[in-house]
Amino acid sequence: MSQKILLDKINVPGIKTYEVYRQNGGYASVEKALKTLTPDEVTEEVKKSGLRGRGGAGFPAGMKWSFIDKKSGRPRHLVCNADESEPGTFKDRFLMEYIPHLLIEGMITSSYALGANLSYIYIRGEYMWVFKILERAIAEAKAAGWLGKNILGTGYDLELHVHCGAGAYICGEETALIESLEGKRGNPRIKPPFPAVSGLWANPTVVNNVETIATVPWIVNNSGDDYAKIGIGRSTGTKLISASGHIKNPGVYEIELGLSVDEFMNSDEYLGGMSSSRPLKAFVPGGSSVPILPAELIFKTANGEDRLMTYESLSDGGFATGSMLGSGGFIVYNDTACVVRNTWNFARFYHHESCGQCTPCREGTGWLEKILWRIENGQGREEDIELLWSIQSKIEGNTICPLGDAASWPVAAAIRHFRDEFEYHVRFPEKIKNRDHFVAEPFSQVKHLVGGKAIV
């Protein structure tokens, strides 16, 4: 059984309320930080921990904090990115819904470390019921003296607000989030300047993910060194995984980084294996924006080493044979799944969510969606596969924010690993008109029609 840091108290009856949370050690990190540590000492503990951003990028949190401008004399802000919109990812919602005070405690302790007196939680518009839970929890914390003026008599002041977005995935990008928080259209900004220098209202700002901030109380209560002992190498600590797809036990899991993908997939403690006798075909380890991998590259790397649930192991081999841990949206597919249809569905999402600011993304995502729809609906042409490859390559790396990359990577990986499935769609349109075409006749049984070896 792996160590639990974030979900340790999740099943305590009434943990959503302030009274029960406090009885179970809640807000101890605020007391310790404000009464016994300087802001720089809190930051140093987070640095020692090796905690990396849990929103997808994996940038060291303590290092990000150290970049904040403390010399300008301008107000500083901490903004929590709770705009969880990545398809396949639902871990942050789980934390906020069932143990909201953990996030609020993390916001207070982290704001103190940054010298922020006004901080925000920016939550996606579709999470309205969670928004109300956070509002209630903030009111409880303020009534108990954890927010407001002169917290615990230490002279430290903090106001914390929840701001509800309007349902735009692009606002998960930190500068688009800041634009939205300022009341503007959520378009990403050109960097530099980075938010740590000029962020919210041109003030120094740090934007961190829900899971990242919720981890800070444990680090402060114990130590950065203790946290760094959990996990493996540069992948320290634990990670929340949102597991879905053709598995027996979908849900949110907290794992120690370094767990093998095989154990996570097949042990009864975690996903319990496939949901039926149908074999594993593919998986997406980190949400819709990361490359899909075929069955032969899931449990072992291309070098034959065990594939681990770490930033390094999942990316082993680059995009040629690896993927990314990303936001931890772990999606599993059996052989009834159609990779072309899945890729079209992702492309449709990114086309809809593009802010339209950059031409490659604005136009390219629409072209990807149209061509993939054409192939999936029996109207594909031989040249469409190369056309898809060309379009995605011209989007990647040519946009202000990573949404363009997020739209191109799934397409590139699908063609790279499942090109014969695309060819089958183009050459045998009559066989794929039924959207469940691979349920009765999995692709593994017909791939010989496009030159592959059939598996019966």
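Residues numbered from 1 in each chain as written. Predicted model: local features only at pLDDT ≥ 70, side-chain atom pairs only at ≥ 80, totals over all residues. Heavy atoms only, no water.

For the protein, the name recorded in an unreviewed UniProt entry is NADH-quinone oxidoreductase subunit F, with Flavobacterium nitrogenifigens as its organism. Listed under Function (unreviewed entry) in UniProt, the entry text for the protein is "NDH-1 shuttles electrons from NADH, via FMN and iron-sulfur (Fe-S) centers, to quinones in the respiratory chain." In its Sequence similarities (unreviewed entry) section, the UniProt entry covering the protein states "Belongs to the complex I 51 kDa subunit family." (UniProt positions renumbered as here; feature names shortened; annotations may be inferred.)

Undergrad: Give a detailed account of the overall build of the protein, specifying residues and quantitative values.
TA: Scanning the protein from terminus to terminus reveals 19 helices and twelve strands. For 456 residues, the compact-globule estimate of 2.2 N^0.38 gives 23 Å, and the C-alpha radius of gyration of the protein, at 23 Å, lies within 12% of that figure. Over its C-alpha atoms, taken along the principal directions, the protein stretches across nearly 75 × 45 × 40 Å. Burial statistics for the protein: of 456 residues in total, 57% are counted as buried. Total accessible area computed for the protein in this model is approximately 18000 Å², and 52% of it derives from carbon and sulfur atoms. For the protein, the distance from the average position of its 49 positive side-chain charges to the average position of its 54 negative side-chain charges is 3 Å. (Helix = DSSP H or I, 4+ residues; strand = E, 2+ residues; numbered from the N terminus. Rg over C-alpha atoms; globule rule 2.2 N^0.38 Å. Buried < 20%, exposed > 50% of the residue type's maximum accessible area, 1.4 Å probe, protein only. Areas by Shrake-Rupley, 256 points an atom, 1.4 Å probe, with all protein chains shown as cover. Lys, Arg positive; Asp, Glu negative; His and termini not counted. Charge placed at Lys NZ, Arg CZ, Asp CG, Glu CD.)

Undergrad: Tell me about the nonpolar core, and name the residues and values.
TA: Note on soluble globular proteins: their nonpolar side chains tend to be buried together. In this structure, Tyr27, Leu95, Met96, Leu103, Ile121 and Ile123 are the most contacted members of the largest nonpolar core, which totals 62 residues. Of all the elements, helix α6 (residues 100-114) adds the most residues to this core, at eight residues. Among all residues touching methionine 96, those that are not within four sequence positions of it are Ala82, Leu103, Ile123, Tyr127, Val130, Ile133, Leu134 and Val210. Counting 55 residues, the second-largest nonpolar core is a separate cluster that includes Tyr120, Cys355, Val411 and Phe422. (Core = buried A, V, L, I, M, F, W, Y, C linked by side-chain atoms within 4.5 Å. Contact = heavy atoms within 4.5 Å.)

Undergrad: Describe the state of the cysteines, listing the residues and the values that go with them.
TA: Tallied over the full model, the rule gives zero disulfides. Residue cysteine 171 stays outside any disulfide, its sulfur separated by 9.2 Å from that of cysteine 355, the closest cysteine. Left unpaired, cysteine 401 is separated from the closest cysteine sulfur, that of cysteine 355, by 6.2 Å. (Disulfide = S-S within 2.5 Å.)

Undergrad: Provide a residue-level description of the packing of aromatic side chains, including the pertinent values.
TA: In total, this model carries 22 aromatic pairs according to the counting rule given. Between tyrosine 112 and tyrosine 156 the ring centres are 5.4 Å apart and the planes differ by 80 degrees, which places this aromatic pair in the edge-to-face class. One end of the pair, tyrosine 112, is in helix α6; the other, tyrosine 156, is in strand β4 (residues 156-164), with 44 residues separating them in the sequence. Of the two residues, tyrosine 112 and tyrosine 156, neither departs from the other in class, the shared state being buried. Between the aromatic rings of tyrosine 424 and phenylalanine 438, the centroid separation amounts to 6.1 Å while the plane-to-plane angle is 35 degrees, which identifies the pairing as tilted. Pair noted here: tyrosine 424 is in helix α17 (residues 403-427) and phenylalanine 438 is in helix α18 (residues 437-440), with a separation of 14 residues, a long-range link. (Phe/Tyr/Trp six-rings, centres within 6.5 Å; stacked < 30°, edge-to-face > 60°.)

Undergrad: So, the sheet that holds strand β9 (residues 251-256): which residues are in play, and what are the values?
TA: Read across the open sheet, the five strands follow the order β9-β8-β12-β10-β11; overall the sheet is mixed. Of all strands in the sheet, those with a lone pairing partner are β9 and β11 (293-294), marking the two edges. As judged from the six bridges shared by strand β8 (residues 238-245) and β9, these two strands associate in the antiparallel manner. Bridge pairing in β9 links leucine 240 to glutamate 254. Sitting on the sheet, helix α5 (residues 91-98) is in contact with β8 and β9, with an inclination near 110 degrees to β8. (Pairing = 2+ DSSP bridges. Axes fitted to C-alpha atoms, helices over the stretch in contact; angles between N-to-C directions.)

Undergrad: Please set out the pattern of salt bridges residue by residue, giving values where relevant.
TA: Using the criterion set out here, one finds 32 salt bridges in the structure. Taking the shortest distance from any N to any O, the salt bridge between glutamate 423 and arginine 419 comes out at 3.4 Å. With glutamate 423 and arginine 419 both in helix α17 and four residues apart, the pair spans about one turn of that helix. What emerges from the salt-bridge pattern is a single network uniting Arg54, Lys91, Asp92, Glu211 and Lys239. (Salt bridge = Lys/Arg side-chain N within 4 Å of Asp/Glu carboxyl O.)

Undergrad: Which residues make up a nonpolar patch on the surface, and what are the values?
TA: Together, Phe59, Met63 and Phe67 make up an exposed nonpolar region whose accessible area comes to about 290 Å². Given a relative accessible area of 39%, methionine 63 falls into the partly exposed group. (Patch = residues over 30% accessible without salt bridge, like charges linked within 9 Å, V, L, I, M, F, W, Y side chains within 5 Å.)

Undergrad: Describe the domain arrangement of the protein, and please don't skip the residues or the numbers.
TA: Domain assignment breaks the protein into domain 1 (18-229), domain 2 (232-334) and domain 3 (339-449). Distance between the C-alpha centres of domain 1 and domain 2: 28 Å. Taken residue by residue, the interface counts 20 residues in domain 1 and 24 residues in domain 2. Roughly 1700 Å² of surface becomes buried between domain 1 and domain 2 when both sides are summed, with 52% attributable to carbon and sulfur atoms. Counting across the domain 1 and domain 2 interface gives two salt bridges. With its nearest N and O atoms 3.1 Å apart, the salt bridge here joins glutamate 211 to lysine 239. Summed over the shared surface of domain 1 and domain 2, the number is 15 residue pairs in polar contact (both at pLDDT 80 or more). Of all the secondary-structure elements, those providing two or more residues to the side of domain 1 that touches domain 2 are α5 and α10 (224-228). Ranked by residue count, the leading element in the side of domain 1 that touches domain 2 is α5, at three residues. Among the residues forming the side of domain 1 that touches domain 2, the class breakdown is seven nonpolar, eight polar and five charged. (Domains from an automatic or database assignment. Buried area = accessible area lost by both parts, 1.4 Å probe. Polar contact = N/O pair within 3.5 Å; in protein donor to acceptor, adjacent residues only side chain to side chain. Nonpolar A, V, L, I, M, F, W, Y, C, P; charged D, E, K, R; others polar.)

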